[in-house]
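# Residue-level structural notes
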Amino acid sequence: MYLIYHMYLHLVSTLFNCSSKFPFFKFSLVLYTEHIKIVDHIANHSLLVGQNVVFECKFGGQPKPAVTWYHVDKNGAKTQITSGIISIPEGSQLQLPSVGISDKGEYMCEASNGIETVTQHAFLVTQGQSV
């Protein structure tokens with residue numbers, strides 16, 4: 001006996017429909033998704049060395065996106081940030097206490113829900129000398 005199996009995946013707007021046909025058996029799975037949307041734009045900051053800064057990214061969508069933070073160097077290389085991250089409703093905060101000269105530059109938050117990825121960028125300008 002041979003098993004005949006067909007699998008279909010259709011994207012109609014934001015609706016995934018996955019169906020399968022077996023002899024004498026049929027099923028269909030529908031997964032509704034919403035595109036990731038930016039709820040609030042990340043802000044640039046200009047601070048004196050030694051001050052605290054908070055970057056905030058807010059995203060919506062279904063499934064709910066996970067947020068990852070990066071510091072981007074002047075050559076475009078991304079370094080993932082793992083400390084100072086706080087989960088908030090609809091997103092994430094990156095808290096940098098007592099910023100130094102090396103903290104200046106571009107920051108990026110990346111929202112991903114396994115279907116798509118959306119990024120936002122902001123810049124930190126530091127003024128003054130290291131303490």
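Data block above holds the structure.
This structure is a prediction, so every number in the text was calculated from the model and none was measured. (Residues numbered from 1 in each chain as written. Predicted model: local features only at pLDDT ≥ 70, side-chain atom pairs only at ≥ 80, totals over all residues. Heavy atoms only, no water.)

Turning to the state of the cysteines, a few remarks are in order. Scanning the model with the defined rule gives one disulfide in all. Here Cys 57 is linked by a disulfide to Cys 109, with a sulfur-sulfur distance of 1.7 Å. Disulfide Cys 57-Cys 109: the torsion about the S-S bond is -75°, which places it as left-handed. Residue Cys 57 is found in strand E6 (residues 53-62), and its partner Cys 109 is found in strand E11 (residues 105-112); the two are separated by 52 residues along the sequence. The residues Cys 57 and Cys 109 share a single accessibility class, namely buried. (Disulfide = S-S within 2.5 Å. Helix = DSSP H or I, 4+ residues; strand = E, 2+ residues; numbered from the N terminus. Buried < 20%, exposed > 50% of the residue type's maximum accessible area, 1.4 Å probe, protein only.)

Another aspect to go through is the nonpolar core. Counting 18 residues, the largest nonpolar core has Phe 55, Trp 69, Leu 96 and Leu 124 as its most contacted members. Those elements that provide at least two residues to this core are E6, strand E10 (91-96), E11 and strand E12 (117-127). Looking at which element gives the most residues to this core, the answer is E6, with four residues. Sequence-distant contacts of Leu 96, defined by excluding residues within four places in its chain, comprise Gln 51, Asn 52, Val 53, Phe 55, Tyr 107 and Leu 124. (Core = buried A, V, L, I, M, F, W, Y, C linked by side-chain atoms within 4.5 Å. Contact = heavy atoms within 4.5 Å.)

With seven bridges joining them, strand E7 (residues 66-72) and E11 adopt antiparallel strand pairing. The residue of E11 that forms the bridge with Trp 69 is Cys 109. Pairing of E7 with strand E8 (residues 78-81) involves four bridges; the strand directions are antiparallel. Bridge pairing in E8 links Tyr 70 to Gln 80. Hairpin connection from E7 to E8: five residues lie between these consecutive antiparallel strands, with Gly 76 at a positive phi of about 90°. (Pairing = 2+ DSSP bridges.)

Here we take up the pattern of salt bridges. Within this structure, the stated rule accounts for three salt bridges. Where Glu 34 meets Lys 37, a salt bridge forms, and the shortest distance between an N and an O atom there is 3.7 Å. (Salt bridge = Lys/Arg side-chain N within 4 Å of Asp/Glu carboxyl O.)

This part is about the sheet that holds E10. Taken together, four strands build an open sheet; the order of strands is E4-E6-E10-E9 and the sheet is antiparallel. On the outer flanks of this sheet lie strand E4 (34-40) and strand E9 (85-88), each paired with one strand and no other. The mean inter-strand angle of the sheet, taken between neighbouring strand axes irrespective of direction, is 25°. For E6 and E10, the ladder comprises six bridges, and the chain directions are antiparallel. Bridging from a neighbouring strand, Cys 57 pairs with Ser 92 of E10. (Axes fitted to C-alpha atoms, helices over the stretch in contact; angles between N-to-C directions.)

Geometry of an aromatic ring pair is reported as the spacing of the ring centres plus the angle between the planes. Enumeration according to the criterion identifies one aromatic pair in this entry. The ring of Tyr 70 carries Lys 78 above its face, with NZ or CZ at 4.5 Å from the centroid. (Phe/Tyr/Trp six-rings, centres within 6.5 Å; stacked < 30°, edge-to-face > 60°. Lys NZ or Arg CZ within 6 Å of the ring centre and 35° of its normal.)

The five strands lie next to each other as E5-E12-E11-E7-E8, forming an open sheet whose pairing is mixed. Looking at strand neighbours, the two that pair on one side only are strand E5 (45-48) and E8, the edges of this open sheet. Averaged over all pairs of adjacent strands, the angle between strand axes in this sheet comes to 30°, irrespective of strand direction. As defined by bridge partners, E5 adjoins E12 across four bridges and the pair is classed as parallel.

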